[in-house]
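Architecture at a glance
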Amino acid sequence: MSALFTPLAIRGIEMRNRLWVSPMCQYSAVEGVPNDWHHVHLAQFAAGGAGLVIAEATAVSPEGRISPQDAGLWTDAQAEAWRPIVTALRARGAVAGVQLGHAGRKASTSAPLSGARGSVSVADGGWRTVAPSALAYADFDEPAALDAEGVEKVVTDFADAARRAVRAGFQVLELHAAHGYLLHQFLSPLTNHRDDAYGGSFENRARLLVRVTEAVRRAAPEAAVFVRFSATDAAEGGWSVDDTVAASRLVAAAGADLIDVSSGGLVPHQHIVPGPGYQVEYAATVRRETGLLVSAVGMIDDPALAENVVADGRADAVMSGREWLRDPHYALRAAAALGADSPAPAQYLRAY
């Protein structure tokens, strides 16, 4: 029996297999509202056999968008637009998830599809960004440091977005605390220079993420809550794997069900050497040290590698991104390669 194609249940929500689709920004929404592109883009992965499909980083507030073209969940209209997309995913056998995020100092930037780079001015539809401290990323515009009221708004925005997500039918909510976005910015001493209850010590820097996790758990008691961490900043003096282990224990106590382990994204001078499975050992460390459910990411593009990661106990599930873009039927291909029962819809079984 294939370990990769063994079901996994979290809070009574059963994923039919452990080969999942990572959130991938599409930069194709208008005023935060998803559309037909998102519908077809995501539904194809469910038809392709994914156990869980997580929709792109979805902003909890207008100022939390990476770009003006990001999807959102800060209005009821956005939640209603997500509803048919979620229905399509679930009708095709996948569990539907969404990544809730706030870009912090990396917000209000040009979408990659535009060919431009850098901050978008207010005159061109951008906005003043916020962060734990007034420290810019690379040559982006300098953010405003969040005051106490602003911090409270972040907690409220995540909780409100979680409620809307559940009303839209999402069963998995992933909190984006990785890749240099706001929650990660609070975690790392490289970007958090505060001297209040949210800065300084490890416990203080983790406080906002813990509060957000608690608030989302209260807002969505039946949902599975994941937290995505960058296991390391890959830069001197930054967030470390040991920090990730400790923070994983804190968010688990606050109500998180699974830790999704990535790396990097906080500072431009990071040093990362990518390759097949290059982040798996970070996930394995978190799993070994905490006993928590963990997913692994990072160029896991080969079915045999994905199978080994789960079978060897280095992670409980595998998330891939670009491989699903190259082959929206990645899970069907993987099942065939591993000799597992195919998750193909009845309409496709003639091909298997």
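Residues numbered from 1 in each chain as written. Predicted model: local features only at pLDDT ≥ 70, side-chain atom pairs only at ≥ 80, totals over all residues. Heavy atoms only, no water.

1. Topic: the overall build of the chain
Check the secondary structure of the chain and you find ten helices and twelve strands. In summary, the chain has a C-alpha radius of gyration of 19 Å against a globular reference of 20 Å for 352 residues, a match within 12%. In the chain, the share of contacts with a sequence separation of at least 24, taken over all contacts with a separation of at least 6, comes to 70%. Averaged over its 30 positive side-chain charges, the chain has a centre that lies 4 Å from the centre of its 39 negative ones. (Helix = DSSP H or I, 4+ residues; strand = E, 2+ residues; numbered from the N terminus. Rg over C-alpha atoms; globule rule 2.2 N^0.38 Å. Contact = heavy atoms within 4.5 Å. Lys, Arg positive; Asp, Glu negative; His and termini not counted. Charge placed at Lys NZ, Arg CZ, Asp CG, Glu CD.)

2. What to know about the packing of aromatic side chains
In total, this model carries seven aromatic pairs according to the counting rule given. Geometrically, the ring pair formed by Trp 20 and Phe 226 is stacked, given 5.9 Å between the ring centres and 20 degrees between the ring planes. Taken together, the positions of Trp 20 in strand 3 (residues 19-21) and Phe 226 in strand 9 (residues 224-230) put the pair 206 residues apart, joining distant regions of the chain. A relative accessible area of 0% places Trp 20 in the buried class. Of the residues examined, Phe 226 reaches a relative accessible area of 0% and is grouped as buried. With 5.8 Å between their ring centres and 70 degrees between their planes, Phe 45 and Trp 324 make a pair best called edge-to-face. Here the residue Phe 45 occupies a position in helix 1 (residues 36-47), and Trp 324 occupies one in helix 9 (residues 322-326), the gap between them amounting to 279 residues. Every member of this aromatic cluster is reached through a ring pair, and the members are Phe 45, Trp 324 and Tyr 330. (Phe/Tyr/Trp six-rings, centres within 6.5 Å; stacked < 30°, edge-to-face > 60°. Buried < 20%, exposed > 50% of the residue type's maximum accessible area, 1.4 Å probe, protein only.)

3. Focus: the environment of Ala 254
Residue position: Ala 254 is located in the loop between helix 6 (241-253) and strand 10 (258-262). Under the relative-accessibility criterion, Ala 254 is labelled buried at 10%. Residues Ala 254 and Arg 128, 126 residues apart in the sequence, show an inter-C-alpha distance of 31 Å. Setting aside chain neighbours within four positions, we find Ala 254 in contact with Val 210, Thr 213, Glu 214 and Arg 217.

4. As for the pattern of salt bridges
One pass over the structure, following the stated rule, counts 21 salt bridges. The residue Glu 80 makes a salt bridge to Arg 83 at a minimum N-O spacing of 2.8 Å. Of the two residues, Glu 80 and Arg 83 both sit in helix 2 (residues 76-91), three residues apart, roughly one turn of that helix. For Glu 80, a relative accessible area of 44% gives the class partly exposed. Overlapping salt bridges, with partners in common, bring together Asp 301, Glu 323, Arg 326, Asp 327 and Arg 333 in one network. (Salt bridge = Lys/Arg side-chain N within 4 Å of Asp/Glu carboxyl O.)

5. Topic: the packing of helix 6 against helix 7 (residues 280-290)
The contact between helix 6 and helix 7 brings their axes to 10 Å, and the two run at 50 degrees. Taken together, the axes of helix 6 and helix 7 are oblique relative to one another. Read as a crossing pair, helix 6 and helix 7 show a hand that is right-handed. Residues Val 241, Thr 244, Val 245, Ser 248 and Arg 249 of helix 6 form the contact with helix 7, whose own contacting residues are Tyr 282, Thr 285, Val 286, Glu 289 and Thr 290. Considering only residue class, the contact of helix 6 with helix 7 consists of four nonpolar, four polar and two charged. (Axes fitted to C-alpha atoms, helices over the stretch in contact; angles between N-to-C directions. Parallel < 35°, antiparallel > 145°, perpendicular 65-115°, else oblique. Left-handed = near helix turned anticlockwise from the far one by under 90°. Nonpolar A, V, L, I, M, F, W, Y, C, P; charged D, E, K, R; others polar.)

6. Remarks on the environment of Asn 308
Within the fold, Asn 308 resides in helix 8 (residues 303-311). On a C-alpha basis, the gap between Asn 308 and Ser 22 in space is 19 Å, while along the polypeptide they are 286 residues apart.

7. Structural notes on the pairing of strand 10
Counting buried positions over the five residues of strand 10 gives five, a clear majority of the element. The alternating pattern of strand 10 places Leu 258, Asp 260 and Ser 262 and Ile 259 and Val 261 on opposite faces, both of which are buried. Once the chain exits strand 9 it traverses helix 6 before rejoining the sheet at strand 10, and the crossover so formed is right-handed. In terms of strand pairing, strand 10 meets strand 11 (residues 293-296) through four bridges, oriented parallel. Bridged to Ile 259 within strand 11 is Val 294. On the question of chirality, the crossover connecting strand 10 to the parallel strand 11 by way of helix 7 is right-handed. (Right-handed = clockwise from strand over helix to strand, strands pointing away. Pairing = 2+ DSSP bridges.)

8. Some words on the side chain of Ser 67
Following the sequence through the fold, Ser 67 ends up in the loop between strand 4 (52-59) and helix 2. Taking the relative accessible area as the measure of exposure, Ser 67 reaches 0% and is therefore buried. Side chain to side chain, Ser 67 and Asp 70 meet in a polar contact 2.8 Å long. In this structure Ser 67 touches Tyr 27, Thr 109, Ser 110, Ala 111 and Trp 127, once residues within four positions along its chain are discounted. (Polar contact = N/O pair within 3.5 Å; in protein donor to acceptor, adjacent residues only side chain to side chain.)

9. Overview of helix 5 (residues 202-219)
For helix 5, with 18 residues, the first-to-last C-alpha span of 26 Å sits near the 26 Å given by 1.5 Å per residue. Its axis deflected by about 35 degrees at Leu 208, helix 5 carries its strongest bend there. When you tally the buried positions in helix 5, you get 13 out of 18 residues, the bulk of the element. (Expected span 1.5 Å × (residues − 1). Bend = angle between axes of the 7 residues up to and from the residue.)

10. Points about unusual backbone geometry
Phi at Arg 11 is positive, roughly 50 degrees, even though this residue is not glycine. Of the residues examined, Arg 11 reaches a relative accessible area of 45% and is grouped as partly exposed. Look at Ala 138: it is not a glycine, yet its phi comes out positive at around 50 degrees. Topologically, Ala 138 is positioned in the loop between strand 6 (130-131) and strand 7 (144-145).

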